[in-house]
Amino acid sequence: MVEEGAKSLPMELSEKRGVENNGFVQNEAFDDKETETGSQEETPKTCSVDVDTATAEELALKPYAGMPKEVLLKFSSQARYRVTREILFWLIIVAAVVLVCATITIIALSPKCLDWWQASPIYQIYPRSFKDSDMDGNGDLKGVQEKLDHITYLNIKTIWITSFYKSPLKDLGYGAEDFYDIDPMFGSMSDFENLLAAAHDRGLKVIMDLIPNHTSDKHQWFQLSRNRTGKYMDYYIWQDCGEAAGSITPPNNWVSVFGNSSWQFDDVRKQCYFHQFGKEQPDLNFRNLAVQQEISDIMKFWLNKGVDGFSFSAVKFLLEATHLRDEPQVNKSQNSDTITAYSQLYHDYTTTQVGMHDIIRSFRQTMDQFSREPGRYRFMGSDGDENEDIEATMMYYGTSFIQEADFPFNFNLINMKNLSGNSVFEAVDSWMKNMPTGKWPNWAVGSPNAARISSRIGKEYINVINMLLLTLPGTPVTYYGEEIGMENIASENVTFPEKSPMQWDGKVNAGFTEGNSSWLPVNSDYQSVNVEIQMAWSNSTLNLYRELTSLRNNELPIYRGWMCYIWNDNDIFVYVRELDGLDRVFMMVLNFGQESTIDLQAIVPSLPSEAVIRLSTNFSNAGKAVNTKLIKTEVGEGLVLEYKTTKPVHTMQAFQGKCFVSEKACYSSAFNLLYMKC
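Residues numbered from 1 in each chain as written. Predicted model: local features only at pLDDT ≥ 70, side-chain atom pairs only at ≥ 80, totals over all residues. Heavy atoms only, no water.

### Some words on the packing of helix H15 (residues 462-471) against helix H17 (residues 541-554)
When two helices pack together, their arrangement is given by the angle between their axes and by how far apart the axes lie.
Line of reasoning, step 1. At a closest axis distance of 10 Å, the pairing of H15 and H17 adopts a crossing angle of 15 degrees. Comparing the axis directions of H15 and H17 gives the class roughly parallel. The two elements H15 and H17 cross, and the hand of that crossing is right-handed. Each of Ile462, Asn463, Asn466, Met467, Leu470 and Thr471 in H15 lies in contact with H17, whose residues at this interface are Thr541, Leu544, Tyr545, Leu548, Thr549 and Arg552.
Line of reasoning, step 2. In terms of residue class, the contact of H15 with H17 is built from six nonpolar, five polar and one charged. (Axes fitted to C-alpha atoms, helices over the stretch in contact; angles between N-to-C directions. Helix = DSSP H or I, 4+ residues; strand = E, 2+ residues; numbered from the N terminus. Parallel < 35°, antiparallel > 145°, perpendicular 65-115°, else oblique. Left-handed = near helix turned anticlockwise from the far one by under 90°. Contact = heavy atoms within 4.5 Å. Nonpolar A, V, L, I, M, F, W, Y, C, P; charged D, E, K, R; others polar.)

Here it is in structure tokens:
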């Protein structure tokens, strides 16, 4: 018996037989039977036992579905359930910590993804010559929109449209009359917005020109400035001119890029204004902070519309020396009165002045305000120093602390005086060895201001030049029509032979316009050199271009790997593209001279005896194996060789100083991902 005062539950125990307690559910049948027979049979002797309630419940209860909370809590406190629960809890905590640590490690070790302006070639469009949609003979923005599928067909994700601001079209529209409007020749603001939306729908980015150095003399700012109206009085550079015998004497000997004095007398203001280019394009006064703010506001206007970036032109002309001294003569013995050409002076006081880079940095700061949204980085390009001053050009990248342009456009390959394997190597090496560490290169072989490839260096080199362009590290820039090998117009009467209308098909006017004529004549070769016919011809310049862009987009060594120079001579230029951790290597053998044969194994002893031709300017050679001891190339032939090796060139002592990489990455075959620490 348990002590008195303890809570107990009496249980009847029969001496004759036991009765099972079924979970404390009353056995009614049993109770009834006992009542009925109680008078007939001798009542069994019973004894009363006090059992602790908790002990009884523990002995009797088992977990069952639908348990109330109170019962569930009783079981959950038992050791066998509590220990299991705690083990699972800590396993989950440990797994979560491991997952977080692994994620942080992967992020920390992963290289920066290439941005959109690095990942894709840029396709430069001169809109007046691309596609005419309204039959007036001039290309327009609707025409560009009509042909966006051609851009995606080329595996390109970025278009660069040259100037289309409202303008009197002096100097082909590079002097804007209104930076906030579209010239009617190209359409309306609605047309531009539709083009931008259509491009973005296709995953394309749109870059536009901005020439901040000057405006048109028709611009409202200039009209207000010449009348000395309010804040606009000093928006331009005005100086008193001397008068002698009824003629105007300029303040100094400064000469315009187009020749003759860079000072023009204005009859309204009775002063001379300064112009680095045409007299219809007065220079803005960038020492006036209000002018700098105006340009910032213009940028914000277009960025708010969704433009993805700007190419800034003529930026080295933004500032001039305030002392107005005469610039030094190239030929000191020349009579100063006979100086009329831009090349006859050293332009020490009218280009790249102190403070110019500060202005460019302010442009960058404005761009960065619109680059904070993920995936909406705004690209900034600029022209460089056109006088082949490579160090001055590299300054447009900015520094490791203060960024300026994402890159200054590189025209080394356009400016080559002659074509050879050595000259191509020198053009490439000049950029790569001078480029600041960590910056991104770019390459162009055509532009609106240069003769086309085929006219500049010969038709036989079109394909190999495109192969060079699309296999070098960095961002390639293609001028419209170079993908099909267009030539300059062969006519002495044409002022802009490199701007002839795009050749879309073999119909009248090459499919550029359905009107009776075009603003410039179509090249006479349009029936054999056009997009439509080359799409159907497997060995065409167009299809090789597409194969090269596909190779660049899909092969990591070419996309972002090392470049190492292997060989160059008067005829050929050879280099490799490779990536740490990847045993697949691509070697480019490009002929820019005469027929050549080379033993590459003698130069790279670890080179396999055979390599496969991945791409060739002659499509029939693709897929063939070649002996690396005897690589033969014809005039203008290009080969992309593929081979496997465990000894990449960039790790060899013999090639130190000949290898470059911009966005370094290493490949892990085990995890199929890129990481930084090789």
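Here the narrative resumes.
### Concerning the packing of aromatic side chains
Line of reasoning, step 1. In total, this model carries 43 aromatic pairs according to the counting rule given.
Line of reasoning, step 2. Ring geometry for Trp254 against Trp263: centres 6.1 Å apart, planes inclined by 25 degrees, an arrangement best described as stacked. Accessibility assignment for this pair places Trp254 and Trp263 in one class, buried.
Line of reasoning, step 3. Taken together, the ring pairs in this structure connect Phe164, Tyr165, Phe179, Tyr180, Phe192, Trp221, Tyr232, Tyr235, Phe301 and Trp302 into an aromatic cluster.
Line of reasoning, step 4. Looking at Arg452, its charged tip hangs above the ring of Tyr480, at a distance of 4.7 Å from the centre.
Line of reasoning, step 5. Against the face of Tyr153 rests Arg546, its NZ or CZ located 3.9 Å from the ring centre. (Phe/Tyr/Trp six-rings, centres within 6.5 Å; stacked < 30°, edge-to-face > 60°. Buried < 20%, exposed > 50% of the residue type's maximum accessible area, 1.4 Å probe, protein only. Lys NZ or Arg CZ within 6 Å of the ring centre and 35° of its normal.)

### A word on the pairing of strand S22 (residues 610-616)
Line of reasoning, step 1. Here S22 pairs with strand S23 (residues 625-627) via three bridges, running antiparallel. Its bridge partner being in S23, Glu610 is matched across the sheet by Asn627.
Line of reasoning, step 2. Where S22 lies against strand S25 (residues 638-644), four bridges are found, and the strand directions are antiparallel. Its bridge partner being in S25, Leu615 is matched across the sheet by Val640. (Pairing = 2+ DSSP bridges.)

### A look at the pattern of salt bridges
Line of reasoning, step 1. Evaluation of the coordinates by the stated rule reveals 20 salt bridges.
Line of reasoning, step 2. Between Asp406 and Arg364 there is a salt bridge, with its nearest N and O atoms 3.2 Å apart. Of the two residues, Asp406 is situated in the loop between helix H12 (390-394) and strand S15 (407-408) and Arg364 in helix H11 (residues 356-369); the sequence distance between them amounts to 42 residues.
Line of reasoning, step 3. With relative accessibility at 4%, the residue Asp406 sits in the buried group.
Line of reasoning, step 4. Across the pair Glu555 and Arg584 runs a salt bridge whose closest N-O atoms are separated by 2.7 Å. Pair noted here: Glu555 is in the loop between H17 and helix H18 (556-560) and Arg584 is in strand S20 (residues 584-591), with a separation of 29 residues, a long-range link.
Line of reasoning, step 5. The exposure class of Arg584 is partly exposed, given its relative accessible area of 23%. (Salt bridge = Lys/Arg side-chain N within 4 Å of Asp/Glu carboxyl O.)

### Some thoughts on the state of the cysteines
Line of reasoning, step 1. Tallied over the entire structure, the rule returns two disulfides.
Line of reasoning, step 2. The disulfide that involves Cys564 links it to Cys659, with 2.1 Å between the sulfurs. Across the S-S bond of Cys564 and Cys659 the torsion is about 120 degrees, and the bridge reads as right-handed. A residue pair is termed long-range when its members are at least 10 positions apart, and Cys564 in strand S18 (residues 562-568) and Cys659 in strand S26 (residues 659-660) qualify at 95 residues. Like Cys564, the residue Cys659 is buried in the burial classification. (Disulfide = S-S within 2.5 Å.)

### A look at the sheet that holds S22
Line of reasoning, step 1. Sheet architecture is open: seven strands sit in the order S23-S22-S25-S20-S19-S18-S26, paired in antiparallel fashion. At either end of the open sheet lies a strand with only one pairing partner, and these are S23 and S26.
Line of reasoning, step 2. Pairing of S20 with S25 involves seven bridges; the strand directions are antiparallel. Within the sheet, the bridge partner assigned to Phe586 lies in S25 and is Glu642.
Line of reasoning, step 3. Lying on the sheet, H17 is in contact with S20, S22 and S25; it crosses S22 at an angle near 120 degrees.

### Some remarks on unusual backbone geometry
Line of reasoning, step 1. Positive phi is not limited to glycine here, since Asn260 has a value of about 70 degrees.
Line of reasoning, step 2. Secondary-structure assignment places Asn260 in the loop between strand S10 (247-249) and strand S11 (263-266).
Line of reasoning, step 3. Despite not being glycine, Ala314 shows a phi value in the positive range, around 60 degrees.
Line of reasoning, step 4. Topologically, Ala314 is positioned in the loop between strand S13 (309-312) and H11.

### What about the sheet that holds strand S17 (residues 475-479)?
Line of reasoning, step 1. As summarised here, the arrangement of the eight strands in space is S15-S14-S13-S7-S4-S3-S17-S16, forming an open sheet in which the pairing is parallel. This sheet does not close on itself; its edge strands, each paired only once, are S15 and strand S16 (442-444).
Line of reasoning, step 2. Pairing between strand S7 (residues 205-210) and S13: four bridges, direction parallel. Bridge pairing links Asp209 to Ser311 in S13.
Line of reasoning, step 3. Each of S13 and strand S14 (379-382) is contacted by H11, which is oriented at about 160 degrees to S14, the strand it contacts most.

### Let's talk about the environment of Asn285
Line of reasoning, step 1. Along the polypeptide, Asn285 turns up in the loop between strand S12 (271-274) and helix H10 (289-305).
Line of reasoning, step 2. Look at Asn285 and you get buried, because its relative accessible area is 17%.
Line of reasoning, step 3. Between the C-alpha atom of Asn285 and that of Leu319, which follows or precedes it by 34 residues, the distance is 7.6 Å.
Line of reasoning, step 4. Sequence-distant contacts of Asn285, defined by excluding residues within four places in its chain, comprise Asp234, Tyr235, Tyr236, Ile237 and Val291.
Line of reasoning, step 5. A polar atom in the side chain of Asn285 sits 3.1 Å from the backbone oxygen of Asp234. (Polar contact = N/O pair within 3.5 Å; in protein donor to acceptor, adjacent residues only side chain to side chain.)

### Quick word on the side chain of Ser500
Line of reasoning, step 1. Its place among the elements puts Ser500 in the loop between S17 and helix H16 (531-536).
Line of reasoning, step 2. Not counting the four nearest positions on each side in its chain, Ser500 is found in contact with Ser129, Arg452, Tyr480, Met486, Glu487, Ile489, Leu520 and Pro521.

### Examining the nonpolar core
Line of reasoning, step 1. Tyr123, Phe192, Trp302, Phe310, Leu413 and Val428 are the most contacted members of the largest nonpolar core, which has 136 residues in total.
Line of reasoning, step 2. In terms of residues, this core owes the most to one element, H15, which gives seven residues.
Line of reasoning, step 3. Not counting residues up to four positions away in its chain, the partners in contact with Val428 are Leu413, Trp443, Leu472, Met563, Tyr565 and Phe573. (Core = buried A, V, L, I, M, F, W, Y, C linked by side-chain atoms within 4.5 Å.)

### Some thoughts on the environment of Cys113
Line of reasoning, step 1. Of note, Cys113 is situated in the loop between helix H4 (79-109) and helix H5 (116-119).
Line of reasoning, step 2. In sequence terms Cys113 and Asn418 are 305 residues apart; their C-alpha atoms lie 37 Å from each other.
Line of reasoning, step 3. In this structure Cys113 touches Gln118 and Arg560, once residues within four positions along its chain are discounted.

### Description of empty space enclosed by the protein
Line of reasoning, step 1. A full pass over the atoms with the stated rule returns three cavities of 30 Å³ or more.
Line of reasoning, step 2. Each pocket or cavity is described by its volume, and for the largest cavity that value is around 70 Å³.
Line of reasoning, step 3. Lining the largest cavity are Tyr126, Pro127, Arg128, Thr162, Ser163, Leu169, Leu172, Tyr174, Met185 and Phe186.
Line of reasoning, step 4. The residue inventory of the lining of the largest cavity, partitioned by class, reads seven nonpolar, two polar and one charged.
Line of reasoning, step 5. As a volume, the second largest cavity reaches approximately 50 Å³.
Line of reasoning, step 6. Around the second largest cavity, the lining residues are Trp440, Pro473, Gly474, Tyr559, Arg560, Gly561, Arg577, Val661, Ser662 and Glu663.
Line of reasoning, step 7. Residue classes in the lining of the second largest cavity are distributed as four nonpolar, three polar and three charged. (1 Å grid on protein atoms, 1.4 Å probe; cavity = no way out; pocket = protein on both sides within 12 Å on 5 of 7 lines; lining within 4 Å. Points joined across faces, edges and corners; volume = space filled by probe spheres on them.)

Don't take any of this as a statement about function, it's just geometry.
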